[in-house]
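# Working through the structure, step by step
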Amino acid sequence: MKMEKNGNSIVVDSNTLSYNDRVIFDWSVDPVAFIGRGEEEVEMYRGNFKIEDYLITRIPLDKVDYTEADDQIKLSLSCGDSKAALVIIAKFDDLGRLVLALEGDDKSYNRLWLRLAANSDEKVYGCGEQLSHFNLRGKHFPLWSSEPGVGRNKETLTTFWADVKDKAGGNYYTTNYPEATFVSTEKYYCHTNSYAYADFDFRNDHFHELQYWEIPDSLVFETAPTYKKLIEKLTGLLGRQPQLPEWSDNGFLLGIQGGTDYVYNTGKKLIDKGVKLAGFWCQDWEGIRMTSFGKRLFWNWEWNGELYPELDKKIHEWKENENLRFMTYINPYVAIDAKMYPEADAKGYFAKNKDGGTYQVDFGEFNCGVVDFTNPEAFDWFKNVIKTELIDFGCDGWMADFGEYLPTDVVLHDGTDPMVAHNKWPMLWAKCNYDAVQESGKWGEIVYFMRAGATGSQKYCPLIWAGDQSVNWSLDDGLASTIPAALSVGMSGCGLSHSDIGGYTSLHGNIRTKELFMRWAEMGAFLPFMRSHEGNRPAENFQVFDDDEAIDHLAICTNVFTDLTDYRRAIVKENSEKGTPVQRPLFMEYEDDQHAYDIQYQYLFGPDVMVAPVHEEGKSEWDVYLPEDTWVHLWTGKEFKGGNYTVASPIGQTPVFYRKGSEYAELFESITSKYK
């Protein structure tokens with residue numbers, strides 16, 4: 001049987017269900033679904049989760065019957081005489097997307113495995129932000145929002161000590177931003193309408209097994225002739241990020257702490273040395289506390305006038321007189337020793353424990369209440385905190401941190417199961433910020449950035465940041481990890497991303513070096529947003545404003561960033577209109593180049609600029625792959641054809657090439673002439 005709509009087709013025969021000539025289900029040999037029961041155990045320690053599942057039963061649904069009626073095809077899956085059953089309703093939505101609505105007769109079943117047809121040479125991308133692998137084939141990926149961990153590789157000493165001392169080592173799949181969405185090289189996307197725990201397994205040659213800890217509402221599929229068009233369709237479903245405010249093109253956002261005069265005087269020092277400065281990002285505006293982890297923030301969401309005297313006036317003077325913007329920090333938790341805590345607690349704005357008291361979460365030697373976003377009054381209260389304490393105060397943006405720490409034994413106002421609410425929480429946190437900015441009439445002028453994400457972040461979060469990388473050269477948790485992170489989240493619909501220049505986490509012997517900061521700054525010039533971080537232990541780690549050579553190097557990087565403004569604005573605009581990510585994989589522009597599909601430590605910055613960041617210590621040469629085209633080395637003007645090359649890459653010249661045929665070639669040539 002066959003159904004068609006808007007040029008799309010669903011075909012079901014005795015063995016398969018296909019959509020636009022892509023086989024989605026094939027039950028000719030193996031079942032396409034299993035249903036079962038499980039009992040999970042979840043242990044959270046400071047945002048790191050240990051999750052185990054006791055599987056009670058897993059039943060193969062190996063009998064498939066199908067009928068057609070009312071513009072839909074009904075697949076009835078069962079297992080012999082067992083009562084275990086699943087109904088899959090295949091239908092079109094208004095735009096011709098394939099929607100597979102799922103219904104289970106027995107509500108006691110809380111585990112589902114679906115097998116989507118695959119082939120051995122197929123590649124898969126997305127699943128939110130993945131920091132260790134861009135092509136997901138050959139691995140399985142638990143999808144659960146958490147701290148990514150320190151080290152994120154069980155074979156490294158950093159991860160070992162983080163596990164032993166902090167229960168915080170992480171693994172290749174741990175991420176702030178998981179999403180049940182992937183893109184296949186068969187040129188389709190699959191998106192699941194569910195926030196429940198999931199595990200997407202791409203290890204089998206012939207199927208992708210998608211595990212859910214519930215019966216999801218539905219799966220959605222679309223196809224397209226190109227990857228650009230496919231991402232345009234995906235973001236048409238999920239939403240798109242806005243354009244960044246023009247002031248962010250003015251240069252570098254200096255991550256700095258320490259008080260009004262210190263911040264301003266340090267910024268002036270950099271400006272006098274030629275650094276293009278767009279403003280300051282001061283996360284300690286509300287005060288600090290010291291812990292064994294390092295310098296932490298006080299988590300009382302209002303200006304600390306003792307640490308930042310006259311900031312309420314200076315923030316406006318800097319903006320009006322010198323076009324310097326002020327960005328700050330907030331997260332959706334309130335410390336129990338914060339001034340605003342007692343009143344919010346008395347009004348019931350925090351999530352509860354099972355005894356009816358306020359649930360307190362350990363964030364590392366201090367406890368906090370969790371703002372309960374399922375309570376409309378609590379949501380509005382915290383939205384108004386953002387409006388009054390940040391927006392009305394004069395901030396032009398902020399880090400909207402965290403969102404991953406919702407415990408699974410918490411009691412929420414609306415009765416939602418926290419096992420489902422957990423992965424949804426980052427979206428609700430993003431929406432709280434979004435509503436505050438929209439209601440203030442500042443959308444497009446203010447930019448906030450988030451590390452946690454979920455379905456919905458595409459619309460509600462204008463900018464992603466890659467999280468708390470270690471201040472080292474490791475592939476899984478250092479500078480390099482931010483590249484697959486940006487590529488994968490871009491394939492999931494968030495095409496504006498950046499990272500802390502210099503990294504953040506300094507633990508277990510990792511200390512930021514001058515070279516690391518400089519290499520990170522070089523990459524930062526070719527990102528949509530350029531911002532640094534002092535890190536969790538500023539005094540122990542290299543800081544750019546303490547070193548004249550590094551300041552001179554930063555000045556060049558920020559000048560390149562501002563030189564690229566016209567080009568960057570064009571590709572940011574393209575992301576806002578079509579969802580095409582600013583940092584994009586090579587195959588998005590060179591689909592016929594088979595080598596391009598496995599490259600995860602290079603990226604195209606828009607369609608015309610190839611960036612291959614140096615992510616190893618002590619390198620003066622670097623290996624680069626160029627697709628078939630005519631490329632011009634940005635720093636020397638030398639031309640290259642497609643192929644593998646080893647190029648000189650001294651500090652200050654991380655490998656960057658532009659397409660000779662670019663409409664922006666004259667702009668790129670002007671940069672070459674400055675620095676050749």
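No experiment lies behind these values; they were computed from the predicted model shown.

It is the contact of helix α11 (residues 548-563) with helix α13 (residues 665-675), at a shortest axis distance of 10 Å, that shows an interaxial angle of 160°. In this view, α11 runs roughly antiparallel relative to α13, as classed from their interaxial angle. Seen from above, α11 lies across α13 with right-handed handedness. Here I556, N559, V560 and D563 of α11 come into contact with α13, specifically with L667, I671, K674 and Y675. Considered class by class, the residues forming the contact of α11 with α13 number five nonpolar, one polar and two charged.

A word on the UniProt feature "domain: Glycosyl hydrolase family 31 C-terminal" (unreviewed entry) in the protein. Following the UniProt record, the feature "domain: Glycosyl hydrolase family 31 C-terminal" (unreviewed entry) maps to residues 579-662 here. End C-alpha atoms of residues 579-662 are separated by 21 Å, and the span's content is 0% helix alongside 35% strand.

Every other side chain in a regular strand lies on the same face of the sheet, so the side chains alternate between the two faces. Pairing between strand β24 (residues 333-335) and strand β26 (residues 367-370): three bridges, direction antiparallel. Across the sheet, the residue bridging to Y333 is V370, located in β26. Relative to β26, strand β25 (residues 360-362) is paired through three bridges, and the arrangement is antiparallel. Bridge pairing links D362 to N367 in β26. Connecting β25 to the antiparallel partner β26 that follows it, the hairpin turn spans four residues, and G364 within it adopts a positive phi of roughly 105°.

In the numbering used here, UniProt assigns the "domain: Glycoside hydrolase family 31 TIM barrel" (unreviewed entry) feature to residues 260-546. End C-alpha to end C-alpha, residues 260-546 measures 18 Å, and it is 33% helix and 15% strand.

A separate point is the sheet that holds strand β9 (residues 85-92). Taking strand neighbours across the sheet as the criterion, the eight strands line up as β7-β8-β9-β10-β18-β15-β14-β12 in an open arrangement whose pairing is antiparallel. With one partner strand each, in any of the chains shown, β7 (63-69) and β12 (124-128) form the two edges of the open sheet. With strand direction ignored, the average angle separating the axes of adjacent strands in the sheet is 20°. Pairing of strand β8 (residues 72-78) with β9 involves seven bridges; the strand directions are antiparallel. The residue of β9 that forms the bridge with K74 is I89. Along the sheet, helix α2 (residues 227-238) contacts β14 (178-184), β15 (188-192) and β18 (218-223); its crossing angle with β15, the most-contacted strand, is approximately 20°.

What counts as what
Sequence positions are assigned chain by chain, starting from 1 and proceeding in written order. Side-chain atom pairs in this predicted model are given and counted only at pLDDT of 80 or more, local residue features only at pLDDT of at least 70, and totals for whole chains, interfaces and linings cover all residues. Side-chain metrics in this entry use all non-hydrogen atoms of the structure; hydrogen atoms and water are not considered. The convention used is that axes are lines fitted to C-alpha atoms, helices contributing only their stretch in contact, and that angles between N-to-C directions extend from 0 to 180 degrees. Helix and strand labels come from DSSP, where a helix needs a run of H or I of at least four residues and a strand needs a run of E of at least two; each type is numbered from the N terminus. The cut-offs work like this: below 35 degrees is roughly parallel, past 145 is roughly antiparallel, 65 to 115 is roughly perpendicular, and the gaps in between are oblique. In this scheme the crossing of two helices becomes right-handed for a clockwise turn of the near helix relative to the far one and left-handed for an anticlockwise turn of less than a right angle. A contact between two residues is defined here by any heavy atoms of the two lying within 4.5 Å. Side-chain classes follow a simple rule in which Ala, Val, Leu, Ile, Met, Phe, Trp, Tyr, Cys and Pro form the nonpolar group, Asp, Glu, Lys and Arg form the charged group, and the remainder, Gly included, forms the polar group. UniProt positions are given in the numbering used here, feature names are shortened, and annotations may be inferred rather than shown by experiment. Paired strands are those between which DSSP finds at least two bridges.

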